[in-house]
Structures are given as structure tokens and as C-alpha cells.
Amino acid sequence: MHVDEAVATRRSIRDFLPDPVPEAVIRRVLEKALRAPSGGNVQPWHLHVLAGAPLAQFKALMRERLETSPAGDGDPEYDIYPSNLHSPYRERRYELGEQMYAQMGIGRDQKPRRLAWVARNYQFFDAPMALFCSIDRRMGPPQWSDLGMLLQTIMLLLRAEGLDSCPQEAWSRFHRTVGEFIGLPGEQMLFCGMAIGKANPEHPVNSLVAERAPLGEVVTFMTDESNQGRP
């Protein structure tokens, strides 16, 4: 698959087929993805991959946790969004949520159905493989950006293997549960999870293609060509 196609077809999939992902495939993907850039080549990331019986055990644990502590493990490791998320970012987030629920016929007044859908985050949307990404707590924002470059590289390489994914920062709400299960050292901070597998083509949520802002809204060109004809 050409990189252009991988970028164009990568989407956050929210319902997966049960088909298992061979360990050889994820090993191949991660060996390549670890070539992702990081400032000073510090490579601040650490990954845990779950599949098979360990993943089934973790999903069962999460079903119990959602029954007893639906709000999570207390304070999340970090704020996923700023508390004062303002325009145009607030509108973009709201629009995506409304489009997603509309795809599934879940109205704004159907709160139980919406909450049930949110809970599916913590089953990795039935994906047969999961990945957790953590970082040393002593690292700063530049190293967090390094995680983004690694995760994007992983997702594009998964597309090249005919697989799909969904990055999930929602796991920050259950960082203690995750940390205890995977044996995360105290100096390591959970950043996110990722669901991995093959998209279920029958589920309506997977037909959603999130819109992106047009080039002119988010990019400013200051080049010789863009300045032609200007004084």
C-alpha cells in the first residue's frame, strides 16, 4: 500500500471483527514503527501489547470496574481536552460526536444508549488486539509529541497490513487499573490505548469519515510563489 493510500484510509474504527491478529504481524509493524522520529533520539515511549487470553482477562476486569467505578480511577492522568475548549475546536469536537451518534440512530435524548456506547471504549470496541503506550513521568510536552509520531506510524503500518485501529486517550480515566494489570512501574505514565484488528464493514459507525478543516483554514503559506503579485 502506498503511503498516500494508508493516510487516506486510516480511520478511528469503533467496531471490529473477531479475526485474530497474528503476533508476527504486530511484531513486524512495531519493528518498523520504532524508526519513528523523536527529539534527540531519546525514544521516550514504552508499549504493551495484549491479545488472546490476557486481553480477554483484561476485558473481563474492565466490565467489573465499570460496574463498581464507572467514573474511573479518580483523577485522570491528564485532561484529554482543556476545560475551556473554545471555538473552533469546541465545534469540531461536538460535530464529530453528533455525526457518530447519528450514524447509529442514537438521539441526544437517549442518554443510556450513549453511555453504553461510551463504555465500549473499555472493551476496545471488541478488537482482538490492544496496545497501551506509556511514557516516563519526567518527560515533558516535546516528548509527548514524540508519542504522537510513533502512534501515527504504527497506525499507517497497520493499514499497510490490511488492519485498522482506534487510538484511545479515554484510558487515562482508568490509568491505575491498566497500570496494575500490565505491571506499569510507578515512574511510567499511561498515555493512551489503541484497539487493533479488522473493521466490521457491517457496523454503521465505521462508515463515518470525520471531516477535516480545509487547507486555507489551518495552513499559512509564506513562500515565493504565494507572494507573487504582492508589493
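Residues numbered from 1 in each chain as written. Predicted model: local features only at pLDDT ≥ 70, side-chain atom pairs only at ≥ 80, totals over all residues. Heavy atoms only, no water.

Q: Please explain the overall build of the protein chain as it appears in this structure.
A: On a plain count of helices and strands, the protein chain comes out with eight helices and four strands. The secondary structure elements of the protein chain, listed N-terminal to C-terminal, are α-α-β-α-α-α-β-α-β-α-β-α. Here the protein chain has a C-alpha radius of gyration of 19 Å; the compact-globule value for 231 residues is 17 Å, and the two agree. In terms of its C-alpha atoms, the protein chain occupies a principal-axis envelope of roughly 65 × 45 × 35 Å. In the protein chain, buried positions account for 40% of the 231 residues. Of the contacts formed within the protein chain by residues at least 6 apart in sequence, a portion of 84% connects residues at least 24 apart. (Helix = DSSP H or I, 4+ residues; strand = E, 2+ residues; numbered from the N terminus. Rg over C-alpha atoms; globule rule 2.2 N^0.38 Å. Buried < 20%, exposed > 50% of the residue type's maximum accessible area, 1.4 Å probe, protein only. Contact = heavy atoms within 4.5 Å.)

Q: How do you make sense of the pairing of strand 2 (residues 129-136) when you look at a structure like this?
A: Walk down a regular strand and you will see the side chains alternate between the two sheet faces. Counting buried residues in strand 2 gives eight out of eight residues, a clear majority hidden from the surface. Summarising the sheet, strand 1 (residues 45-51) and strand 2 pair through seven bridges and their orientation is antiparallel. Pairing of tryptophan 45 across the sheet is with isoleucine 135, part of strand 2. As paired strands, strand 2 and strand 4 (residues 188-197) are joined by eight bridges and run antiparallel to one another. (Pairing = 2+ DSSP bridges.)

Q: Would you take a moment to explain the sheet that holds strand 2 for this structure?
A: Spatially, 1-2-4-3 is the arrangement adopted by the four strands of the open sheet, whose pairing is antiparallel. Lying at the two open borders of the sheet, with one neighbouring strand each, are strand 1 and strand 3 (164-168). Direction aside, neighbouring strands of the sheet carry axes that sit 25° apart on average. Against the sheet, helix 3 (residues 52-68) makes contact with strand 1 and strand 2, and its axis sits at roughly 95° relative to strand 1, the strand it touches most. (Axes fitted to C-alpha atoms, helices over the stretch in contact; angles between N-to-C directions.)

Q: What exactly am I supposed to notice about the environment of proline 44 here?
A: When you line up the elements, proline 44 lands in the loop between helix 2 (23-33) and strand 1. Sequence separation between proline 44 and leucine 147 is 103 residues; the distance between their C-alpha atoms is 7.5 Å. In this view, proline 44 contacts Ser38, Ser134, Ile135, Asp136, Met139, Gln143, Asp146 and Leu147; residues no more than four positions away in its chain are not counted.

Q: Quick question: what am I supposed to make of the packing of helix 4 (residues 89-103) against helix 5 (residues 111-119) here?
A: For any two helices packed against each other, the geometry comes down to the angle between their axes and how far apart the axes lie. Helix 5 packs onto helix 4 with a crossing angle of 100° between their chain directions and a minimal axis gap of 12 Å. By the angle between their directions, the pair helix 4 and helix 5 is classed as roughly perpendicular. Between helix 4 and helix 5, the residues in contact are Glu98, Met100 and Tyr101 and Arg114, Trp117 and Val118, respectively. By residue class, the composition of the contact of helix 4 with helix 5 is four nonpolar, no polar and two charged. (Parallel < 35°, antiparallel > 145°, perpendicular 65-115°, else oblique. Nonpolar A, V, L, I, M, F, W, Y, C, P; charged D, E, K, R; others polar.)

Q: Teacher, can you tell me more about the side chain of arginine 120 here?
A: Following the sequence through the fold, arginine 120 ends up in the loop between helix 5 and strand 2. Only 2.9 Å separates the side chain of arginine 120 from the side chain of aspartate 126, close enough to count as a polar contact. For arginine 120, the contacting residues outside a window of four places in its chain are Arg14, Asp15, Phe125 and Asp126. (Polar contact = N/O pair within 3.5 Å; in protein donor to acceptor, adjacent residues only side chain to side chain.)

Q: Quick question: what am I supposed to make of the pattern of salt bridges here?
A: Close approach of charged atoms allows side chains of opposite charge to pair. The full count for this structure, using the stated rule, is 11 salt bridges. For arginine 92, the salt bridge is made with glutamate 217, and the minimal N-O distance between the two is 2.9 Å. Note that arginine 92 is positioned in helix 4 and glutamate 217 in helix 8 (residues 215-218), a separation of 125 residues in sequence. One salt bridge in this structure joins aspartate 126 and arginine 120, with 2.9 Å as the shortest N-O distance. For aspartate 126, a relative accessible area of 40% corresponds to the partly exposed category. Each of Asp15, Arg120 and Asp126 takes part in salt bridges that share partners, so that together they form one network. (Salt bridge = Lys/Arg side-chain N within 4 Å of Asp/Glu carboxyl O.)

Q: Is there a simple way to think about the packing of aromatic side chains in this case?
A: Scanning the model with the defined rule gives 13 aromatic pairs in all. Measuring from centroid to centroid gives 5.3 Å for tyrosine 78 and tryptophan 144, while their planes differ by 85°, and the two rings are edge-to-face. One end of the pair, tyrosine 78, is in the loop between helix 3 and helix 4; the other, tryptophan 144, is in helix 6 (residues 141-160), with 66 residues separating them in the sequence. Between phenylalanine 132 and tryptophan 171 the ring centres are 5.4 Å apart and the planes differ by 90°, which places this aromatic pair in the edge-to-face class. Remark: tryptophan 171 occurs in the loop between strand 3 and helix 7 (175-182) and phenylalanine 132 occurs in strand 2; sequence separation between them is 39 residues. (Phe/Tyr/Trp six-rings, centres within 6.5 Å; stacked < 30°, edge-to-face > 60°.)

Q: Would you explain unusual backbone geometry in this entry?
A: Note on backbone geometry: most residues besides glycine have negative phi, and most peptide bonds are trans. For the bond from serine 87 to proline 88, the omega torsion is 5°, close enough to zero to count as cis. Residue position: proline 88 is located in the loop between helix 3 and helix 4. Positive phi values are uncommon outside glycine, yet glutamine 43 reaches one of about 50°. Within the secondary structure, glutamine 43 sits in the loop between helix 2 and strand 1. For phenylalanine 124, which is not glycine, the phi dihedral falls at a positive 55°. On the accessibility criterion, phenylalanine 124 (0% relative accessible area) is buried.

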